[in-house]
Amino acid sequence: MEKRKLGFWEIWNMSFGFLGIQFGFALQGGFMSRIFQTLGAEPHEIPGLWIAAPLTGLIVQPIIGHLSDNTWSPRYGRRKPYFLIGAILSSFALFFLPYSSALWIAAGFLWILDASINISMEPFRALVADKLPDSQRSYGFVLQTLIIGIGTWVASNLPWMVNKMGFEDNPAPGVIPEYVKIAFGIGALVFLISILYTVLTTREYPPSNLEEFKAQKQESHFFKDLFTSIKEMPVTMKKLGVIQFFSWFAFFTMWSMATPALTEFVFNSPAPDKEAFDFAVAGQQEAFDAANKLFQTASDKVGSAMGLYGLSSMAFALILTFYAANKVVNRKYIHMFSLILGGLGFVLMGFIKDQFWLNISFLLIGFSWGSILSMPYAMLSSSVNENKMGTMMGLFNMFIVIPQIVAALGGVNVLSKLFGTSAIAPMFLAGTSLIIGGLCNFLITDEKVIKG
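Since we're looking at a predicted model, the values are computed, not measured. (Residues numbered from 1 in each chain as written. Predicted model: local features only at pLDDT ≥ 70, side-chain atom pairs only at ≥ 80, totals over all residues. Heavy atoms only, no water.)

A. Expanded view of the overall build of the protein chain. Along its length, the protein chain carries 19 helices and 0 strands. A globule of 452 residues ought to have a C-alpha radius of gyration of about 22 Å, and the protein chain, at 22 Å, matches this closely. Taken along its principal axes, the extent of the C-alpha atoms in the protein chain is 80 × 40 × 40 Å. Sequence-distant contacts in the protein chain: of pairs separated by 6 or more residues, those separated by 24 or more amount to 84%. Approximately 17800 Å² of the protein chain is accessible, and the part contributed by carbon and sulfur atoms is 66%. The positive charge centre, built from 31 side chains, and the negative charge centre, built from 29, are 10 Å apart in the protein chain. (Helix = DSSP H or I, 4+ residues; strand = E, 2+ residues; numbered from the N terminus. Rg over C-alpha atoms; globule rule 2.2 N^0.38 Å. Contact = heavy atoms within 4.5 Å. Areas by Shrake-Rupley, 256 points an atom, 1.4 Å probe, with all protein chains shown as cover. Lys, Arg positive; Asp, Glu negative; His and termini not counted. Charge placed at Lys NZ, Arg CZ, Asp CG, Glu CD.)

And the structure:
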């Protein structure tokens, strides 16, 4: 079926749900480690506590991709039912997560949250390929990135904004601040409303041959289709997988370790260890409260700085949106230089202990983030079978979660030692990984994949 070119607002409407998805990811990425530390986790334990996130992606994304490929309802469409189911579950998890009273409860909610976000997110990638002709896919993925950038910046600053409204920032030991709970509640509401907007404003194309689709659906089996897809995986997809490995290893390192690394290295305000204080002794409670207040304030500053990578990814996407609307984009070189730029941003963190330069670092990282969310998917969509787009997108996302699992199971803690014992060492690791990922773009040689 020949797909017509869509206008700006049609693409905007079908991508708007990503605003909510990114609210979930930004609150998780910016504040989950802080929640773990507030509940008593040590810095070296944090990557392991994050293991739930990539493990759920490894399991959920291929399954949802396969199911959405084999779903069609004249009323509900192909991908939209999964958007809605994921949004309901994600909103539930976002609302209740900051009320966790113990580490194991917070880790459990993270597991539920990440599984639910993946149910919504994976079909969104496939929807762009479903709805847009190849010539518009770079444009479509870049516009998604613009919406993601907006969500990242706003959600990352939500706790800070709520705090400025007068809510407390010095809770009792082991209690998550009230303003963080309110920010997560707002995130839950935005997630649900934005997904509903896309569901109500977007129509999906039916299968080009409905009878053939029904016959293929009857013959379809998940494990058989998965192994066939792995066997038939295009060479370009494997090369992109190498790039994705280094890219997502870097960002997992940032999400899990930026708060403990930067609160200590840049702001000299690490999370206070409750075991180091004897609360029965006069003055110890006050000393803990003072240290905890400094940590919470430093965490807010780190969260706001991290939000800037959403802002610069938004600027990156806005520029590319105007460019890609009328001209061919060289996806390979854009992705290469964007990753290298972000890598330099991470490295910069280790040399200047200053809020201004920390902000500059995250602005540079935003160019990498904007490219990671668009260019690999645009390149992938030009190299795989459109009838298996959901399955292949889900399979491709395994290249996202595997590096995160490697990082969580000790990769961050072990490899960070190559850069010394300073709290900032994980950020040096992230920068090096991102630069290597950028250079791996030299592996991409297919002209159709590079230019669409």
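Having seen it, we continue.
B. Examining the environment of Leu143 more closely. Positionally, Leu143 belongs in helix α7 (residues 137-164). Overall, the relative accessible area of 0% leaves Leu143 in the buried class. Between the C-alpha atoms of Leu143 and Ile21, which are 122 residues apart in sequence, the distance is 15 Å. (Buried < 20%, exposed > 50% of the residue type's maximum accessible area, 1.4 Å probe, protein only.)

C. Main features of the packing of aromatic side chains. Applying the stated rule across the entire model yields 26 aromatic pairs. Between the aromatic rings of Trp9 and Trp12, the centroid separation amounts to 5.9 Å while the plane-to-plane angle is 75°, which identifies the pairing as edge-to-face. Linking Trp9 with Trp12, this pair stays in helix α1 (residues 8-15), spanning 3 residues, or about one helical turn. Judged by its relative accessible area of 58%, Trp9 is exposed. A ring pair is formed by Trp248 and Trp255, whose centres lie 5.8 Å apart and whose planes are at 55°; its orientation type is tilted. A residue is classified by how much of its surface remains accessible, and Trp248, at 8% relative accessible area, is buried. Aromatic ring contacts, followed pair by pair, group Trp248, Phe251, Trp255, Tyr309, Phe346 and Trp369 into a single cluster. The ring of Tyr205 has Lys131 sitting right over it, with the charged end atom 4.9 Å from the ring centre. The ring of Phe265 has Lys353 sitting right over it, with the charged end atom 4.6 Å from the ring centre. (Phe/Tyr/Trp six-rings, centres within 6.5 Å; stacked < 30°, edge-to-face > 60°. Lys NZ or Arg CZ within 6 Å of the ring centre and 35° of its normal.)

D. Examining unusual backbone geometry more closely. Positive phi values are uncommon outside glycine, yet Asn268 reaches one of about 55°. Turning to its location among the elements, Asn268 is positioned in the loop between α11 (235-265) and α12 (284-324). The class of Asn268 is exposed, set by a relative accessible area of 58%.

E. Geometry of the environment of Leu226. Position of Leu226 relative to the elements: it lies in helix α10 (residues 222-231). Given a relative accessible area of 13%, Leu226 falls into the buried group. Taking C-alpha positions, Leu226 is 37 Å from Phe428, a pair spaced 202 residues apart along the chain. Excluding its chain neighbours within four sequence positions, the residues that come into contact with Leu226 are Pro62 and Leu395.

F. Representation of the nonpolar core. Judged by nonpolar contacts, the single largest core of 121 residues is most densely connected at Met254 and Phe362. Counting residues in each nonpolar core, the second largest holds 5 residues, with Val60, Ile64, Tyr82 and Ala115 among its members. (Core = buried A, V, L, I, M, F, W, Y, C linked by side-chain atoms within 4.5 Å.)

G. A look at the side chain of Gln28. Within the secondary structure, Gln28 is located in helix α2 (residues 17-38). In terms of polar contacts, Gln28 uses its side chain to reach the side chain of Asp114, at 3.1 Å. Those residues in contact with Gln28 that lie beyond four places of it in its chain are Trp50, Ala53, Leu110, Leu113, Asp114 and Ile117. (Polar contact = N/O pair within 3.5 Å; in protein donor to acceptor, adjacent residues only side chain to side chain.)

H. Representation of the pattern of salt bridges in the model. Under the defined criterion, the tally for this structure stands at 1 salt bridge. Between Arg34 and Asp300 there is a salt bridge whose closest N-O contact spans 2.8 Å. Linking Arg34 in helix α2 with Asp300 in helix α12, this pair joins segments that are 266 residues apart in sequence. A single burial state applies to Arg34 and to Asp300, both of which are buried. (Salt bridge = Lys/Arg side-chain N within 4 Å of Asp/Glu carboxyl O.)

I. Summary view of a nonpolar patch on the surface. Residues Phe92, Phe95, Phe96 and Tyr99 make up a contiguous nonpolar surface patch of about 390 Å² in total accessible area. Along the chain, Phe95 turns up in helix α5 (residues 80-96). Here Phe95 falls in the partly exposed class, since its relative accessible area comes to 37%. (Patch = residues over 30% accessible without salt bridge, like charges linked within 9 Å, V, L, I, M, F, W, Y side chains within 5 Å.)

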